[in-house]
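What follows is each chain in one-letter form.
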Amino acid sequence: MTSAEPTKAGARPKRSTRKPLVSANWKMHHDHTVALHTVRDLGMRLRPEDTGLVEVSVHPPFTDLRTVQVLVEGESLPIALGAQHCHAEDEGAFTGEVSAPMLARLGVRYVIVGHSERRTLFGMTDELVAATLRAVHRHAMQPILCVGESAQERDAGKTESRLAAQLESALGALAPEQMASLVVAYEPIWAIGTGRAASAVDAADAASFIRLTVAERGGPAAGEGVRVQYGGSVNPENAADFLAEPDIDGLLVGGASLQAPGFAEVIRAVGSCYRSPAT
Ligand code: 13P
């Protein structure tokens, strides 16, 4: 832990120069009609006292992006449009892929890069992650870089060395000022979709390690600026526990983001960490 902030939500509002970011990773769920209903429902549930304090991004499948863009822009919803992945090249013979400029043209602000499912199921290497980070920046969007260890790596005491290797390669693609606006999602693979979230203390240790690594690589401003999300079996009940930790600045939410009521509750729980209990 890096400061004397409270470790439990509710007592005192969390003070941070970093605005928390809560992101919905829908993975391969919801076609564009369901996306329309879900984002409209979410928009009605979001309260200004939460979205004033918490940034929200929704990352639907590619086929939903245009629909969600029109809805969000048309109704001025306090939701940033996100994508789940993109190719590292701007164009070319890459059947089935989508490029960063295509996403930028749709008003996408955040792109998830190097999710563990891309790494393990689709062979995304550290080198490709680095090239994709560059592509996202080339088109003035913000990457959400995913890092995290497997259960075997954790059991073998290799969590930090795994994170260090993933970060070393990715940060090599970024200038210090790009690191200062980076979002890194710590997603231990064993916690994704299992209902077995990391403890807040373990997540906080990883977040502190990530911040320290970014600071070593990009300088103090980069370490201070980088936002670290936790992801893996987040739900409305455990969300505030993570945000009570000084080095955790947001959440990357899978299953619990698919339905608007639950995701709105997660956002409200995060907002409650930054507000005095009376509001
Ligand atoms: P779950 O919240 O379903 O565990 O998924 C986490 C995740 O992979 C978000 O990117």
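Just above sits the structure.
Since the structure is predicted, the reported quantities are computational estimates derived from the model, not experimental observations.

Thoughts on the environment of R118
Right, so step 1: Looking at the element boundaries, R118 is found in helix 5 (residues 116-121).
Right, so step 2: Sequence separation between R118 and V129 is 11 residues, and the spatial gap between their C-alpha atoms is 9.7 Å.
Right, so step 3: Once you skip the residues sitting within four places of it in the chain, R118 turns out to touch H85, E97, G123 and M124.

Some details on the side chain of T38
Right, so step 1: Position of T38 relative to the elements: it lies in helix 1 (residues 32-45).
Right, so step 2: Beyond its immediate sequence surroundings of up to four residues, T38 is in contact with W26, H30, L258 and A260.

Things to note about the side chain of D50
Right, so step 1: Here D50 lies in helix 2 (residues 48-51).
Right, so step 2: Of the polar contacts made by the side chain of D50, one reaches the side chain of R275; its length is 2.5 Å.

Describing the site of the ligand
Right, so step 1: Around the ligand, the structure places N25, K27, H115, E187, A191, I192, G193, G232, S233, L252, G254 and G255.
Right, so step 2: Here an oxygen atom of the ligand and a side-chain polar atom of E187 are 2.9 Å apart.
Right, so step 3: Between an oxygen atom of the ligand and a main-chain N or O atom of G254, the distance comes to 2.9 Å.
Right, so step 4: Protein chains bury 94% of the 300 Å² of accessible surface belonging to the ligand in isolation.
Right, so step 5: Residue classes in the shell around the ligand are distributed as three nonpolar, seven polar and two charged.

Let's talk about the nonpolar core
Right, so step 1: The biggest cluster of nonpolar side chains holds 75 residues, and the ones touching the most others in it are Y230 and L251.
Right, so step 2: Considering every element that reaches this core, the biggest residue donor is helix 13 (residues 260-274), with nine residues.
Right, so step 3: Once you skip the residues sitting within four places of it in the chain, L251 turns out to touch L21, V22, S23, Q229, Y230, V234, A239, F242, L243, V266 and V270.
Right, so step 4: A80, I144, V183 and L252 belong to the second largest nonpolar core, which has nine residues in total.

Describing the pattern of salt bridges
Right, so step 1: Taken as a whole and assessed by the stated rule, the structure comprises 19 salt bridges.
Right, so step 2: A salt bridge links E117 to K27; the shortest N-O distance between them is 2.9 Å. Taken together, the residues span a long stretch of sequence, with E117 in helix 5 and K27 in the loop between strand 1 (21-25) and helix 1 at a distance of 90 residues.
Right, so step 3: According to the relative accessible area criterion, K27 is partly exposed, its value standing at 21%.
Right, so step 4: One salt bridge in this structure joins R275 and D50, with 2.5 Å as the shortest N-O distance. Here R275, found in the segment after helix 13, pairs with D50, found in helix 2; they are 225 residues apart in sequence, far enough to count as distant.
Right, so step 5: Using a relative accessible area of 10% as the deciding quantity, one classes R275 as buried.

Conventions we followed
Residues numbered from 1 in each chain as written. Predicted model: local features only at pLDDT ≥ 70, side-chain atom pairs only at ≥ 80, totals over all residues. Heavy atoms only, no water. Helix = DSSP H or I, 4+ residues; strand = E, 2+ residues; numbered from the N terminus. Contact = heavy atoms within 4.5 Å. Polar contact = N/O pair within 3.5 Å; in protein donor to acceptor, adjacent residues only side chain to side chain. Near = heavy atom within 4 Å. Areas by Shrake-Rupley, 256 points an atom, 1.4 Å probe, with all protein chains shown as cover. Nonpolar A, V, L, I, M, F, W, Y, C, P; charged D, E, K, R; others polar. Core = buried A, V, L, I, M, F, W, Y, C linked by side-chain atoms within 4.5 Å. Buried < 20%, exposed > 50% of the residue type's maximum accessible area, 1.4 Å probe, protein only. Salt bridge = Lys/Arg side-chain N within 4 Å of Asp/Glu carboxyl O.

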